[in-house]
Amino acid sequence: MNPWEAQFWLDDSPGNSLHTKLLNQLTLDIQRGRLAPGFRLPGSRALAVQLGVNRKTVQQVYEELEAQGWLVTRQRSGTFVSENLPEQGLSPSSQRLVSSTHRAKAPSELLESLYQDAVGAFPATPTANDGTPDSRLIPYALLARTYRRVCIHLSRQSKLGYGDPRGSIELRESVRNMLSSDRFMNCSTEQVCIVRGSQMGIFLAARILDPGKGAIVVEALCYPPAKATFEANGFTVLKCPLDERGLSIECLQQILKQHTVAGVYVTPHHQYPTTVSLPMDRRLALLELSRSFKFAVLEDDYDHEFHYGSKPIPPLASLPNSENVVHIGSMSKVFAPGLRLGYMAADVRFIERAAQEIVLIDRQGNTLSELVLAELMASGEVRRHIRKTRKEYEARRNFAAREFDRVFGDRVSFTVPTGGMAIWVDISKLLAGRNLDALPGKDSTLSTLYTDDRRAPTHLRFGFGALSEKEIRQSIQQLAKTLSG
């Protein structure tokens, strides 16, 4: 059993038919190393359901690739990538695609020029109920057993000394496998660094980029600790407007014409705080601008695991022209923020610089926790836990949406998010003409209010992830009382 369910994306695959697209995509994934020798492919029925194609199409592609030597079928076991691959020649259409994506393996000229130290302080993180996971859903018994087993093994092997500042090789390999199977990313273990949550990844990126090379662009509404981190490290922070489709590429182009930019920080999967997903055309345009203007793209993929009802768009780091992307993710939302485990995936030289910074501030992460998570990922327990909690959070999202409709009616408006653990609610109609002096700011029950340029509250971000249905009902009723009083 694979610890992660392999995901496949055919929209950009070369070919005029679904058969040809799938044939080319599987061949490319094997040639690039995303599907390694010995990797077990999904069954034909499962892959057909995932891609929305006829099962016979998948069976025909599998048979053709087996005849070519790319795949092997084992009786009662499944279909696997061959251990002995054929000569790796590419069709002209495949060569055009690889020429734009394979450059991610080479050191980026941009990142090489940005390896200057910066000075700064780590900012405090505000606390608010704006999308945190529910620690009550953690499988504590499983964690306890795994911690005990790993701890005994380490003590017997005398392996609790200093290790690699990039993180344990076991967890880095598990993360690499996850990024390859689940997020379409073609990276090596050397391109992965383990950190103590995504905030540490943002801080390390700010340390590595040089304020002397330009400003940092953030989304007009963005994650406050990220903005504070860039400012603390000496950067001028420029805000780029958002619209109903996320970051405005036209406005970003204007900023790039007027300013020198070292990096752009984005949350494309579910924009923080508005929850909108950046569409594919804007993702590709952002990466093209990064290549043309030579700036880094800091991709904060903080809740990729939680998407409901549809497949997530592949992350920026998996797309053409992504050689300047620093992909930052977290396992904290999978279990709980208190576990403090995240990761960075980037160019090898960038990861080496991150390791140098880690030695100065932390020496290395928590080896015990890293090995525990690596074992849980390799065994498939993490994937099973994600599937279970994803269903629970989807049910809580749906319940919260119904409660907002029931309690507020048409006095507020919102779009039910496709994923994540928060709802972005427009309250401007509710507060029109009100005396706003008594309204709350940040509060763990009343969520977080957001204001427009006139400082009048227009939206709130309501986090439903950490609340049971009873608590969601009570929280929304309290919101109604406070906002309508």
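For clarity, every value in this text was computed on a predicted model and none was experimentally measured.

Assigned secondary structure in the protein consists of 16 helices and 16 strands. Taking all 485 residues of the protein together, 55% fall into the buried category. Sequence separation of at least 24 residues holds for 73% of the intrachain contacts in the protein that already meet a minimum separation of 6. Of the roughly 21,100 Å² of accessible surface on the protein, a fraction of 50% belongs to carbon and sulfur atoms.

Now for the packing of aromatic side chains. The full count for this structure, using the stated rule, is 7 aromatic pairs. Between Tyr-272 and Tyr-302 the ring centres are 6.2 Å apart and the planes differ by 75°, which places this aromatic pair in the edge-to-face class. Of the two residues, Tyr-272 is situated in the loop between β8 (261–266) and α11 (280–293) and Tyr-302 in the loop between β9 (296–301) and β10 (325–330); the sequence distance between them amounts to 30 residues. Of the residues examined, Tyr-302 reaches a relative accessible area of 10% and is grouped as buried. Measuring from ring centre to ring centre gives 5.7 Å for Phe-404 and Phe-408, while their planes differ by 20°; the resulting arrangement is stacked. A residue pair is termed a helical-turn pair when its members lie 3 or 4 positions apart in one helix, as Phe-404 and Phe-408 do in helix α14 (residues 381–408) at 4 residues. Across the pair, exposure class does not vary: Phe-404 and Phe-408 are buried alike. Among the aromatic side chains, those forming a connected cluster through ring pairs are Phe-404, Phe-408, Phe-414 and Phe-462. Against the face of Phe-80 rests Arg-74, its NZ or CZ located 4.1 Å from the ring centre.

Turning our attention to the sheet that holds β9. Spatial strand order, β3-β11-β10-β9-β8-β4-β5: 7 strands in an open sheet with mixed pairing. If you trace the sheet from one side to the other, it starts and ends with β3 (192–195) and β5 (237–240), each paired once. Strand-to-strand, the axes of this sheet are offset by a mean angle of 20°, without reference to chain direction. As paired elements, β3 and strand β11 (residues 342–345) share 4 bridges and run antiparallel to each other. Considered in β11, the bridge of Ile-194 is made with Tyr-343.

What helix α9 (residues 224–232) keeps buried is the set Pro-225, Ala-226, Thr-229 and Phe-230. Along the axis of α9, the buried positions cluster into a sector of 140°, meaning they face one direction only. Buried-residue contacts for α9 involve α8 (198–208), β4 (215–219), β5, β8 and β9. One or two residues past the end of α9 sits Gly-234, with phi positive at roughly 90°.

In this section: the pairing of β5. Both β4 and β5 contribute to a ladder of 4 bridges, which runs parallel. When the sheet's bridge partners are listed, Glu-219 is paired in β5 with Cys-240. With α9 bridging β4 and its parallel neighbour β5, the resulting β-α-β unit is right-handed.

As a further point, take the confidence of the model for the protein. Here the protein averages 83 in pLDDT, and 84% of its residues register 70 or above. Predicted confidence in the protein is weakest over helix α5 (residues 109–113), with a mean pLDDT of 32, and strongest over β8, with 98. In this model residues 89–128 is a low-confidence stretch, pLDDT under 50, and it forms 93 contacts with partners more than four residues away in sequence or in other chains. Considering only residues more than four positions removed or in separate chains, one finds that residues 441–446, a stretch of pLDDT under 50, has 13 contacts.

When you tally the buried positions in β10, you get 6 out of 6 residues, the bulk of the element. Along β10, one buried face is formed by Val-325, His-327 and Gly-329 and the opposite face, lined by Val-326, Ile-328 and Ser-330, is buried too. Here β9 pairs with β10 via 5 bridges, running parallel. Counted as the bridge partner of Val-297 is Val-325 from β10. Pairing between β10 and β11: 4 bridges, direction antiparallel. Directly across from Ile-328, in β11, lies its bridge partner Met-344.

Quick look at the nonpolar core now. If you look at the biggest cluster of nonpolar residues, it comprises 52 residues, and the most contacted ones within it are Val-175, Leu-252, Leu-286, Met-331 and Val-382. In terms of residues, this core owes the most to one element, helix α13 (residues 367–378), which gives 6 residues.

Attention now moves to the pattern of salt bridges. Enumeration according to the criterion identifies 23 salt bridges in this entry. When the shortest N-O distance is used, the salt bridge between Glu-375 and Arg-149 registers 2.4 Å. Of the two residues, Glu-375 sits in helix α13 while Arg-149 sits in helix α6 (residues 140–157), which places them 226 residues apart along the sequence. In this structure Glu-375 comes out as partly exposed when scored by relative accessible area, which is 29%. Of the residues examined, Arg-149 reaches a relative accessible area of 44% and is grouped as partly exposed.

A word on the packing of helix α7 (residues 169–183) against α13. Two elements in contact, α7 and α13, have axes whose closest approach is 8 Å; the angle formed by their N-to-C orientations is 40°. Considered as vectors, α7 and α13 are oriented oblique to each other. Both α7 and α13 take part in a crossing whose hand is left-handed. Here Glu-170, Leu-171, Ser-174, Val-175 and Met-178 of α7 lie close against α13, whose contacting residues are Glu-370, Leu-371, Leu-373, Ala-374, Met-377 and Ala-378.

Criteria and thresholds
Residues numbered from 1 in each chain as written. Predicted model: local features only at pLDDT ≥ 70, side-chain atom pairs only at ≥ 80, totals over all residues. Heavy atoms only, no water. Helix = DSSP H or I, 4+ residues; strand = E, 2+ residues; numbered from the N terminus. Buried < 20%, exposed > 50% of the residue type's maximum accessible area, 1.4 Å probe, protein only. Contact = heavy atoms within 4.5 Å. Areas by Shrake-Rupley, 256 points an atom, 1.4 Å probe, with all protein chains shown as cover. Phe/Tyr/Trp six-rings, centres within 6.5 Å; stacked < 30°, edge-to-face > 60°. Lys NZ or Arg CZ within 6 Å of the ring centre and 35° of its normal. Pairing = 2+ DSSP bridges. Axes fitted to C-alpha atoms, helices over the stretch in contact; angles between N-to-C directions. Arc of directions from axis to C-beta. Right-handed = clockwise from strand over helix to strand, strands pointing away. pLDDT = per-residue confidence, 0-100. Core = buried A, V, L, I, M, F, W, Y, C linked by side-chain atoms within 4.5 Å. Salt bridge = Lys/Arg side-chain N within 4 Å of Asp/Glu carboxyl O. Parallel < 35°, antiparallel > 145°, perpendicular 65-115°, else oblique. Left-handed = near helix turned anticlockwise from the far one by under 90°.

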